[in-house]
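# Observations on the model geometry
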Amino acid sequence: MPPCNLTSLRPATFLLAGIPGMEKLHIWISIPFCSMYLAALLGNGVLLLVIRTERSLHQPMYLLLSMLAVADLVLSTTTVPKMLAVFWFSAGEISFGACLTQMFFLHFTFSAESVILLAMAFDRFVAICDPLRYVAVLTPSVIVKTGLFALLRSFCIIFPCVFLVKRLPFCGHNVIPHTYCEHMGIARLACADISINILYGLAVPFAAIVVDVVLIAVSYVLILLALFRLPSRTARHKAFNTCGSHVCVILLFYIPAFFTVLTHRFGQEIPHHVHILLANLYVLFPPLLNPVVYGVRTQQIKEKVVKVFICPKSRLLQE
């Protein structure tokens, strides 16, 4: 018997169904989602502009923050425009290649953000535990290499998922009960054994993220030990404030991510539309709140935002 032609069993397009069971509410759901997306674009855009234009912010901490802002923009822009098209126009059709591209950049950006957060934890560790060597350790070349490592590691981890999906036959199944393409959502449509997809999709990326979380936790344990050794309460308070924004961003990133992954894998009793809503909020909340957290809690950024956007207007009014 001749082998089955898997190419003939590959759909030309997939159909994104949106949020199953909540189709009548798509328009209403799109309003806060669109608002959050526009606010995320504005907040991260302002953050990047301020860091780009103010030379005093060309320091490792802020360069890493700009990398995080770029990753947030990619994460939300990869998914939200198509999501809104599904909500507004029922335009859920997406080509096989475009679906794989969206899947790749979604998971790739998530992995890259995790590396950036780890680098930011190391930045705070050096700044507090070994401040005299801060400039020598975190040089511009080290920051560039960190960014390249984030890209390379994420590519090596996520790119195999593309081939794991492309090898699968789909037997005419092409409706994805989601608002965007993600690895297991596509793989579950296949009419073949997907145990390799499940094993790789859960074990490899999850293990990499867990390693990042463990290293971040170790960094902050060492930071806390260093803080307790500081002689004055004022010095401890000032040092802790420099970590506060990063801790908030870490919590905003990892808690929803782990909750989404664990409920998706093990929370069979949770309604499917709740899974989809959580996944949608995950690609919106961190990009929306990260620039807010750093803008509110970081005095230097607040001052530079005022300088860039308010002072020029004041001078024009005086003239």
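Residues numbered from 1 in each chain as written. Predicted model: local features only at pLDDT ≥ 70, side-chain atom pairs only at ≥ 80, totals over all residues. Heavy atoms only, no water.

### Remarks on the overall build of the protein chain
Each helix and strand in the protein chain was counted, giving 11 helices and 3 strands. Along the chain direction, N to C, the helices and strands of the protein chain fall in the order β-α-α-β-α-α-α-β-α-α-α-α-α-α. Pairs at least 24 apart in sequence give 80% of the contacts found in the protein chain among residues at least 6 apart. Of note, the protein chain has its 23 positive side-chain charges centred 7 Å away from the centre of its 13 negative side-chain charges. (Helix = DSSP H or I, 4+ residues; strand = E, 2+ residues; numbered from the N terminus. Contact = heavy atoms within 4.5 Å. Lys, Arg positive; Asp, Glu negative; His and termini not counted. Charge placed at Lys NZ, Arg CZ, Asp CG, Glu CD.)

### Comments concerning unusual backbone geometry
In this structure, Ser90 is a non-glycine residue whose phi angle is positive, near 55°. As for its placement among the helices and strands, Ser90 is situated in the loop between helix H2 (60–89) and strand S2 (93–95). Given a relative accessible area of 63%, Ser90 falls into the exposed group. Of note, the phi angle at Cys171 is positive, near 55°, even though the residue is not glycine. For Cys171, a relative accessible area of 40% gives the class partly exposed. (Buried < 20%, exposed > 50% of the residue type's maximum accessible area, 1.4 Å probe, protein only.)

### Some points on the pattern of salt bridges
According to the stated counting rule, one finds 3 salt bridges in the structure shown. Across the salt bridge formed by Arg124 and Asp123, the nearest N and O atoms sit 2.7 Å from each other. Here the two residues Arg124 and Asp123 agree in accessibility, since each one is buried. The shortest N-O distance in the salt bridge between Arg153 and Asp212 comes to 2.8 Å. Of the two residues, Arg153 is situated in helix H5 (residues 140–166) and Asp212 in helix H7 (residues 195–228); the sequence distance between them amounts to 59 residues. The same class applies to Arg153 as to Asp212, namely buried. (Salt bridge = Lys/Arg side-chain N within 4 Å of Asp/Glu carboxyl O.)

### Some details on the UniProt feature "transmembrane region" (unreviewed entry) in the protein chain
Taking the numbering used here, the UniProt-annotated feature "transmembrane region" (unreviewed entry) corresponds to residues 25–50, 62–80, 142–165, 209–228, 240–262 and 274–294. In the segment residues 240–262, helix accounts for 100% and strand for 0%; the C-alpha atoms at its two ends are 31 Å apart. Across residues 274–294 one finds 90% helix and 0% strand; the C-alpha atoms that close the span lie 30 Å apart. (UniProt positions renumbered as here; feature names shortened; annotations may be inferred.)

### Side note on the environment of Leu47
As for its position among the elements, Leu47 is in helix H1 (residues 26–53). Counting along the chain gives 244 residues from Leu47 to Pro291, while the straight-line C-alpha distance between them is 6.6 Å. Each residue touching Leu47, except ones within four places of it in the same chain, is listed here: Leu65, Ala69, Pro291 and Ile301.

### Re the sheet that holds strand S3 (residues 175–176)
Strand order in the open sheet formed by 3 strands is S2-S1-S3, and the pairing between neighbours is mixed. In this open sheet, the two edge strands, each paired with only one partner strand, are S2 and S3. Across 3 bridges, strand S1 (residues 13–16) lies against S2 in antiparallel orientation. Note that in S2 the partner of Thr13 across the bridge is Ser95. With respect to the sheet, helix H3 (residues 96–129) is in contact with S1, S2 and S3, its orientation differing from that of S2 by roughly 85°. (Pairing = 2+ DSSP bridges. Axes fitted to C-alpha atoms, helices over the stretch in contact; angles between N-to-C directions.)

### So, the environment of Leu277
Here Leu277 lies in helix H9 (residues 272–282). Sequence spacing of Leu277 and His178 is 99 residues, and the spatial spacing of their C-alpha atoms is 9.3 Å. Beyond its immediate sequence surroundings of up to four residues, Leu277 is in contact with Ile19, Met22 and Phe33.

### Focus on the state of the cysteines
Inspection of the entire model under this criterion finds 2 disulfides. Cys99 shares a disulfide with Cys181; S-S distance 1.9 Å. Across the S-S bond of Cys99 and Cys181 the torsion is about -115°, and the bridge reads as left-handed. Linking Cys99 in helix H3 with Cys181 in the loop between S3 and helix H6 (183–187), this pair joins segments that are 82 residues apart in sequence. Note that Cys171 is cross-linked by a disulfide to Cys191, the S-S spacing being 1.7 Å. When the S-S torsion is 70°, as for the bridge of Cys171 with Cys191, the disulfide is right-handed. Residue Cys171 is located in the loop between H5 and S3, and its partner Cys191 is located in the loop between H6 and H7; the two are separated by 20 residues in the primary sequence. Cysteine pairing in the protein chain follows 1-3, 2-4, where each cysteine in a disulfide is numbered by its order in the sequence. Take Cys129: it sits in no disulfide, and the sulfur closest to it among the cysteines is that of Cys243, at 8.6 Å. (Disulfide = S-S within 2.5 Å.)

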